[in-house]
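Chain and residue survey
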Amino acid sequence: LKEGGSALDVAGSGGAGGGANGGGGGGEGFRRSASEESVKSVWTDQRSPSRDRSASRSRSASSSRSPGGRKKLPKDVSTETMKVSANDVATLRVGSNGKTYEKVARVSGADIALRDKENMLEIRGNVEQRRRAKKYANLVMRQRLDPSVLMMDGIDDGDMTIIAVPPDVVGYVQGQGGGVLRSIEEEWTTLMFFIDTDLTRNQRIAIFGSIRGRRGSELKVLSAIETKMPGYTATLGSDIFNRDRYTDPTGSWGTDWMTFKDEGEISYALGKQGGTRRKLERSSGSVVQYVGMMAICSGTKKERIRAREYMKWLFQQLEGPVYVNGWTDREDCTVVDIPNDCIGYITGNRRAALGSMEEEWGSLMFFMSEHDERGKGRGGSERLVIFGPDKARRGTELKIMSSIETKSPGFFTRGLREKISGRRGFDTDRLVMRDEEVSYALGKEGATRKKLELASGSILQYVGHVAFIAGDLPERRRCREFVQWLLQQRRGTVTIADIKDRDDVTEVNIPANCKGWVAGNRGSELRRMEQLSGTYMFMAVDARGEERLLIFGVNRGRKHGDGGRLHAERLVKDMVREKQADDKQRG
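Residues numbered from 1 in each chain as written. Predicted model: local features only at pLDDT ≥ 70, side-chain atom pairs only at ≥ 80, totals over all residues. Heavy atoms only, no water.

So, the overall build of the protein chain
Broken down by element type, the protein chain carries 20 helices and 21 strands. In the protein chain, buried positions account for 52% of the 587 residues. Pairs at least 24 residues apart make up 68% of the contacts formed inside the protein chain by residues separated by at least 6 positions. Summing over all exposed atoms, the protein chain offers an accessible surface of approximately 27,900 Å²; the carbon and sulfur share of this is 47%. (Helix = DSSP H or I, 4+ residues; strand = E, 2+ residues; numbered from the N terminus. Buried < 20%, exposed > 50% of the residue type's maximum accessible area, 1.4 Å probe, protein only. Contact = heavy atoms within 4.5 Å. Areas by Shrake-Rupley, 256 points an atom, 1.4 Å probe, with all protein chains shown as cover.)

Examining the sheet that holds strand β20 (residues 536–541)
Reading across the sheet, the 4 strands line up as β18-β20-β21-β19 and stay open at both edges, with mixed pairing between neighbours. Of all strands in the sheet, those bounded by a partner on one side alone are β18 (494–495) and β19 (505–508). Pairing of β19 with strand β21 (residues 547–552) involves 4 bridges; the strand directions are antiparallel. What sits directly across from V505, in β21, is F552. Packed onto the sheet, helix α17 (residues 473–491) meets β18, β20 and β21 and runs at close to 60 degrees relative to β20. (Pairing = 2+ DSSP bridges. Axes fitted to C-alpha atoms, helices over the stretch in contact; angles between N-to-C directions.)

Comments concerning the sheet that holds strand β13 (residues 364–368)
An order of β12-β14-β13 is seen for the 3 strands of this open sheet, with the pairing classed as antiparallel. The open sheet has two edge strands, β12 (333–339) and β13, and neither has a second partner. Each strand of the sheet is rotated relative to its neighbour by a mean of 25 degrees, with strand direction disregarded. Examined bridge by bridge, β13 and strand β14 (residues 381–387) share 5 bridges and lie antiparallel to one another. Counterpart to F367 in the pairing with β14 is L384.

Quick word on the packing of helix α19 (residues 524–533) against helix α20 (residues 565–586)
Contact pair α19 / α20: the axes reach a minimum separation of 9 Å and the direction vectors enclose 145 degrees. Considering the relative orientation of α19 and α20, their crossing is right-handed. Of α20, the residues touching α19 (which contributes E525, R528, M529, L532 and S533) are H567, A568, L571, V572 and M575. Class assignment for the residues of the contact of α19 with α20 results in 6 nonpolar, 2 polar and 2 charged. (Left-handed = near helix turned anticlockwise from the far one by under 90°. Nonpolar A, V, L, I, M, F, W, Y, C, P; charged D, E, K, R; others polar.)

Points about the confidence of the model for the protein chain
Looking at the protein chain as a whole, its pLDDT mean stands at 85, while 85% of the residues score no less than 70. Per-residue pLDDT stays below 50 along residues 1–22; that stretch engages in 60 contacts with residues further than four places along the chain or on separate chains. Taken as a whole, residues 48–73 scores under 50 in pLDDT and shows 27 contacts with residues more than four places along the chain or in a different chain. (pLDDT = per-residue confidence, 0-100.)

Thoughts on the pattern of salt bridges
Counting across every chain of the model gives 57 salt bridges. Here D256 and R304 are joined by a salt bridge, their closest N and O atoms 3.1 Å apart. Here the residue D256 occupies a position in strand β9 (residues 254–259), and R304 occupies one in helix α11 (residues 301–316), the gap between them amounting to 48 residues. Owing to a relative accessible area of 0%, D256 belongs among the buried residues under this scheme. Between E530 and K451 there is a salt bridge; the shortest N-O distance is 3.1 Å. You can see E530 sitting in helix α19 and its partner K451 sitting in helix α16 (residues 447–456), a full 79 residues away along the chain. Pair check on accessibility: E530 and K451 agree, each one buried. In the salt-bridge network here, residues are joined through shared partners; they are E128, R131, R132, K135, D157 and D159. (Salt bridge = Lys/Arg side-chain N within 4 Å of Asp/Glu carboxyl O.)

Considerations on unusual backbone geometry
Residues other than glycine seldom take positive phi values, yet Q273 does so here, at roughly 55 degrees. Relative to the helices and strands, Q273 resides in the loop between α9 (263–270) and α10 (275–284). Unusually for a residue other than glycine, E445 sits at a positive phi of about 55 degrees. You can see E445 is positioned in the loop between α15 (435–442) and α16. Owing to a relative accessible area of 73%, E445 belongs among the exposed residues under this scheme.

Focus on the nonpolar core
By size, the foremost hydrophobic cluster in this structure holds 28 residues, and its most contacted members are I112, L121, L150 and F208. Among the elements of the structure, α2 (86–93), α3 (100–108), β4 (111–115), β5 (120–125), α4 (127–143), β7 (191–194) and β8 (203–208) are those that each provide at least two residues to this core. It is α4 that provides the largest number of residues to this core, a total of 6 residues. Ignoring sequence-local partners within four residues, the contact set of F208 consists of V107, K135, Y136, L139, L150, I155, D159, M160, T190, L191, F193 and R214. If you look at the next biggest cluster of nonpolar residues, it comprises 27 residues, including I266, L314, V324 and C333. (Core = buried A, V, L, I, M, F, W, Y, C linked by side-chain atoms within 4.5 Å.)

Some remarks on the pairing of β7
Of the two faces of β7, the one holding L191 and F193 and the one holding M192 and F194 are both buried throughout. In this sheet, β8 lies alongside β7 in antiparallel orientation, the contact comprising 4 bridges. Bridge pairing links F193 to A206 in β8.

Describing the packing of helix α6 (residues 179–188) against helix α7 (residues 211–228)
Packing of α6 against α7 brings their axes to within 9 Å, and their N-to-C directions diverge by 145 degrees. Handedness of the crossing formed by α6 with α7: right-handed. When α6 is examined against α7, the residues L181, I184, E187 and W188 are found in contact with a partner set consisting of R212, G213, G216, S217, K220 and V221. In the contact of α6 with α7, the residues fall into 4 nonpolar, 3 polar and 3 charged.

A few points about the packing of aromatic side chains
A complete count under the given rule lists 19 aromatic pairs for this structure. When the centroid spacing of 4.9 Å and the interplanar angle of 85 degrees are considered together, the rings of F411 and F412 count as edge-to-face. Among the aromatic residues, those joined into a cluster by ring pairs are F482, W485, Y536, F538 and F552. The lysine or arginine in question, K228, covers the ring of Y172, its NZ or CZ lying 4.8 Å from the ring centre. Sitting above the plane of the Y345 ring, K407 keeps its charged end 5.3 Å from the centroid. (Phe/Tyr/Trp six-rings, centres within 6.5 Å; stacked < 30°, edge-to-face > 60°. Lys NZ or Arg CZ within 6 Å of the ring centre and 35° of its normal.)

A few points about the side chain of R215
By secondary structure assignment, the location of R215 is in helix α7. A distance of 2.6 Å separates the side chain of R215 from the backbone oxygen of I240, its partner in a polar contact. If sequence neighbours within four positions are ignored, R215 has contacts with I240, F241, R243, W253, T255, V287, I296 and S298. (Polar contact = N/O pair within 3.5 Å; in protein donor to acceptor, adjacent residues only side chain to side chain.)

Observations regarding α7
One turn of an α-helix holds 3.6 residues; hence residues three or four places apart share an orientation. Look at α7: 26 Å from first C-alpha to last across 18 residues, which is about the 26 Å you get at 1.5 Å a residue. Among the 18 residues of α7, 15 are classified as buried, and the element is accordingly described as predominantly covered. (Expected span 1.5 Å × (residues − 1).)

With respect to the side chain of K279
On the secondary structure map, K279 appears in helix α10. By relative accessible area, K279 is classed as buried at 6%. Polar side-chain contacts of K279 include one of 3.0 Å to the side chain of E358.

The structure is reproduced here in structure tokens:
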């Protein structure tokens, strides 16, 4: 596994992909004998006391969404400014693309703008977000001159983890120009700083961020150290396994671990380019990392249980068909009947098609059957089981349904009618469309469908001539509107009289002489900006008949960051300025 120009060579990473039914990736030719000890027996888990379990239930029940499925907005959101020096501005401008301050924004959750001319940092968010943003910005500015500031009293308020790196492997862990650490920060949304200046001793790294982000970063660093210094993790004792125990909101956070028998098992559990490990991690919701010969899993109790089960089924596939007892009662499981003549089409060569869907949605899939029933599913079909969170499972399921419908028209849609659900939580709506409408709403290589899906925050998939829209109530409503407006554009001008009560749109008035320039040939410039920002943009008239550009998207974005409506607005205004400057120059 190569990151940031520095090789983090995990054992067995070069293994080949698994077979048609196999969930694993690496270890071509690796097989586990049925007589060998099952992988599930070597897991060591941390059990939460009963008081924590009851607390978890009560807290979980109280963290419900507000009516309509829309998250409650914090009441204490405001903006404050922080005066900085010219040198501080330069420090906050360093890093990838000169945007270290944006990294501070991601970790803190605040919206940060750096006003260079005024030497001012503008911070928008709730009280906790603003507090953390100021703290992290100060650390970035001060630690370059005095790394010991990271060890001052009060720095750690529950958001810091410290890990020691032996001096012989500091360069390997850091990577060329700090590239490896920066890639870990990007993956786990953390901030990482070296504390010590004495290069002859262990170098401590301070990691700031959420409990999950810090743990993911820490285990990735440990994996790199263990590669160069086998046995190092064993010298750390129980601290590595007791990190942040029971300190998350559910009161059940902990760490489980197991030991692989040999390199073949690691290769299989890792998968091609780490794909199998990633899908175990994403589908279970836990942090899964392989450190030496150990698999370490950190998360809530429910997440860890799922990760252990998924790992067990992964290895059971090497011994024969897998059947999940009680799958009908599980809340993390969806089963789809796949016609026998479509199995190869859905699976792909060496499981490539299934693996691609798992990678896209963060799910885990395998064909499920008992030993004596393989090939005897309903109507000559086999059952494909999908594990993961609601959205991941539904997205995967609908993509599979779309593929089967292409191969066997009418398999899912014959006799299907429209459905509009009033359920506030996660559910699915259906819109029946004409063939020419589906073609238009799909777009070239599915670009239009992906655009509407991303901008609405819902899942949008076309199964034959039926559009399936999955998400919570506001997401489904938003996506239906987007599809309807898209189809209206085929017939002429779209009228949206009033947007003042919407929180998913930005309105931009464009001078008449710039409209064609901003739109581009056949809307090419709008499509380009949509792709860059993840939004849905079109010209619409208001109640007075005046045309303006509307930018729709569930993601507001940041003033100076990439993605979201604010990013799209900046791109539009840049084009307007470019056109006006060109017209002025021409005379």
